[in-house]
Amino acid sequence: MDETALVQCARSGDLDAFNQLVLAYQDMAYNLSVRMLTDSDAAQDVTQTAFLSAFRSLDSFRGGSFRAWVMRMVTNACYDELRRRKRHPTTPLEPVDDDDEEIESPSWMADDAATPEEQTERHELDRTVQRCLQGLDEEFRAVVIMVDLQGLDYQEASAALGKPLGTIKSRLARARFKLRDCLHQFWELLPS
Amino acid sequence: MTLSLVDYELISAYMDGQLSGREKNRLEEKLKTSFEWRMALDELQQTRAVLRKAPMRKVPHSFTLTRSMVQQNAHRSWLPALAAFRFSSALAVLSLVAVFALQLLPSAAPLSTPPMNASATGAETQKSLASPESAAADNPSGSQILNWSPLGRGGGGGDAPVQPGLAAVEAPKGMGGGPEGVTPFNGGTISLPPQAVPSLPPASNPQPANPNDNSAPVENPILGVPAQGEGGQIISDSSYQALSDEFVSQTSSFWNSQRTAQASLLGVFVLASAAALVTWRRFIR
């Protein structure tokens, strides 16, 4: 069944059809949440909440990119969580490192084919990217995550964030400009 | 030459193929001639490449929805509307009860009687000025009565003409009142502050007014007895008017505060009822 048919069935209350869509987009949705929020547990809650909201508000989907529409739900849920954090700051129960990131085993990144050196390198890259993203304002962070990390085009990003195309171009350029110096150390690791 | 943020925006859009044909040609000309522009393009391309290399995280579990999750979420959405409905309806009931409670409050007795007293007193004033016979009946012994208030006939009132030869003494506004400091007449002794005593002309010798005497007007008429030909006139009602005005203002202010409170509570009732109706409709939907 193609995406349009699944969306139609889901709008009429077919939960199984909606779950097919969830399986197709949950990786993207979760990665957007975790990149926005850093905290894995909060990202899981936000992703689940976003999919529940999406199911309840399927009537508001007017066509176009369903992926962008789902990303919009997730982004709004992330913004709500970030605002809630500002109102009620919390202290993490898990130990944190010097970058205020929780120390956890990188099981989420388990890749049996990668050597230990490759795994360490990937882990270091992930931590650095995450640290650099946290240095951006929320609106700039969301744009660069969608376009550069998740591969959405400008129109999809514009639909997902509810901003004009010119705003997306401007925010993306400024985010890349700011990340330029932060990620400079990893340029030499790239294949020539 | 240092590139501006606008220049970086052009380069960034160029990287993603988002420039028009004309803009793209112009930028490529710049890239051919300027090392700085090429450096900037190279830096942004490497940054984008690093970001694209960042690993995707595996989802810790499936985020598919279950029936219970959907129903629980639907139930949870009722609760705010139900709470709002309860609050609005309780507020509406309480405000309505308060309106009726205010309505049942007893009105303040002293403030509710003055209009009658004022009119009764006014009638008494008119009666006392109505005829010399009534004044004489009130004072059958014909004892001498000093005129304490030369500014008005019968005392009180500042509108009456000043008696010639007498010092002006301002009488307080009141019914038949005299200068301040006058203690009520007790049949024998009246004490006044020295400065309040009007100076009488040396030749004047107050005499009881003879109601039947139609000769020249008496200089110092007996208190409460009108001069010949002036019976029945309201000589000065300013004191009555002042008292009446004072009562009206006090009474109106008292009623306004109660009415205002009732009107406010009625407004709260209307708003709370509207809110309860809106939340009820959302709740049953």
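Throughout, a residue's number is its position along its own chain's written sequence, starting from 1. A letter from A marks each chain and a number from 1 marks each ligand, given out in the order of writing. Where local features are concerned, this predicted model is filtered to residues with pLDDT of at least 70; where side-chain atom pairs are given and counted, the filter is 80 or more; whole-chain, interface and lining totals use all residues. Calculated side-chain values reflect all of the structure's heavy atoms, with hydrogen atoms and water omitted.

What follows concerns the overall build of chain A. In this text, helices come from DSSP runs of H or I with a minimum length of four residues, and strands from runs of E with a minimum of two, each type numbered from the N-terminal end. Counting secondary structure elements, chain A contains eight helices and zero strands. Along the chain direction, N to C, the helices and strands of chain A fall in the order α-α-α-α-α-α-α-α. Counting only residues that meet the buried cut, chain A has 48% of its 192 residues in that class. Only heavy atoms enter the contact rule, under which two residues are in contact if any of them lie within 4.5 Å. In chain A, the share of contacts with a sequence separation of at least 24, taken over all contacts with a separation of at least 6, comes to 63%. Partly exposed describes any residue whose relative accessible area lies between the buried limit of under 20% and the exposed limit of over 50%, with all areas from a 1.4 Å probe on protein chains only and scaled to the type maximum.

Time to look at the state of the cysteines. Residues and elements named next belong to chain A. When two cysteine sulfur atoms lie within 2.5 Å, the pair is treated as a disulfide. Evaluated as defined, the whole model comprises one disulfide over all chains. Between Cys-132 and Cys-182 runs a disulfide, and the two sulfur atoms are separated by 1.9 Å. One disulfide, between Cys-132 and Cys-182, carries an S-S torsion of -85 degrees and so falls in the left-handed class. Taken together, the positions of Cys-132 in helix α5 (residues 116-134) and Cys-182 in helix α8 (residues 165-182) put the pair 50 residues apart, joining distant regions of the chain.

Here helix α3 (residues 35-53) of chain B contains 19 residues, and its C-alpha end-to-end distance of 27 Å stays within 8% of the 27 Å for a straight helix at 1.5 Å per residue. All of the buried residues along α3(B) are Trp37(B), Ala40(B), Leu41(B), Glu43(B), Leu44(B), Thr47(B), Arg48(B), Val50(B) and Leu51(B). Among the structural elements, α5, α6 (138-149) and α8 of chain A together with α1 (5-15) and α2 (21-33) of chain B are those in contact with the buried residues of α3(B). For a helix, the expected span equals 1.5 Å multiplied by the number of residues minus one.

Another aspect to go through is the interface of chain A and chain B. How big an interface is tends to be stated in terms of accessible area lost as the parts join. Every contact between the two is made by 46 residues of chain A and, on the other side, 36 residues of chain B. Here, a salt bridge means any side-chain nitrogen of Lys or Arg that lies within 4 Å of a carboxyl oxygen of Asp or Glu. On the surface where chain A and chain B come into contact, there are four salt bridges. Two residues, Arg176(A) and Asp16(B), come together in a salt bridge whose shortest N-O distance is 2.9 Å. Here a polar contact means two N or O atoms within 3.5 Å. Within protein one must be a hydrogen donor candidate and the other an acceptor candidate, and residues neighboring in sequence count only if both atoms are side-chain atoms. For the pair chain A and chain B, the number of links is 15 residue pairs in polar contact (both at pLDDT 80 or more).

Before going further, it helps to examine the packing of helix α3 (residues 40-56) of chain A against helix α4 (residues 66-87) of chain A. All names here are of chain A. The angle between two axes is taken between their N-to-C directions and runs from 0 to 180 degrees, where each axis is a line fitted to C-alpha atoms and a helix contributes only its stretch in contact. Where α3 meets α4, the closest approach of the two axes is 9 Å, and the angle between their N-to-C directions is 130 degrees. The angle between α3 and α4 places the two elements in the oblique class. Note on packing geometry: the crossing formed by α3 with α4 is right-handed. Counted together, Ala-42, Val-46, Ala-50, Phe-51, Ser-53 and Ala-54 of α3 and Trp-69, Val-70, Met-73, Val-74, Ala-77, Cys-78, Glu-81 and Arg-85 of α4 form the full contact between these two elements. Of the residues in the contact of α3 with α4, the class split is 11 nonpolar, one polar and two charged. Any angle that is under 35 degrees is reported as roughly parallel, and any over 145 degrees as roughly antiparallel; angles of 65 to 115 degrees are reported as roughly perpendicular and all others as oblique. Rotating anticlockwise by less than a right angle from the far helix to the near helix defines a left-handed crossing, while the corresponding clockwise rotation defines a right-handed one. Any residue that is not Ala, Val, Leu, Ile, Met, Phe, Trp, Tyr, Cys, Pro, Asp, Glu, Lys or Arg is counted as polar, Gly included; the first ten are nonpolar and the last four charged.

Turning our attention to the confidence of the model for chain A. Residue-level confidence of the predictor is summarised by pLDDT, bounded by 0 at the bottom and 100 at the top. Looking at chain A as a whole, the pLDDT averages 86, with 85% of positions reaching at least 70. Throughout residues 103-107 of chain A the model reports pLDDT below 50, and contacts reaching past four residues in sequence, or to other chains, amount to four contacts.

Our next topic: unusual backbone geometry. All names here are of chain A. With a phi close to 70 degrees, Thr-38 is a non-glycine residue in the positive phi region. Within the secondary structure layout, Thr-38 lies in the loop between α2 (15-37) and α3. Thr-38 sits in the partly exposed class, given a relative accessible area of 23%.

So, on to the environment of Leu152(A). All names here are of chain A. Tracing the backbone through its elements, the reader meets Leu-152 in the loop between α6 and α7 (154-161). With a relative accessible area of 2%, Leu-152 lands in the buried category. Counting along the chain gives 84 residues from Leu-152 to Ala-68, while the straight-line C-alpha distance between them is 8.2 Å. The contacts of Leu-152, once residues within four sequence positions are left out, are Met-28, Arg-67, Met-71, Met-146, Val-147 and Ala-157.

Right, let's get into the side chain of Gln18(B). Within the secondary structure, Gln18(B) is located in the loop between α1 and α2. Among residues more than four places away in sequence, those in contact with Gln18(B) are Tyr154(A), Gln155(A), Lys169(A) and Ala13(B).

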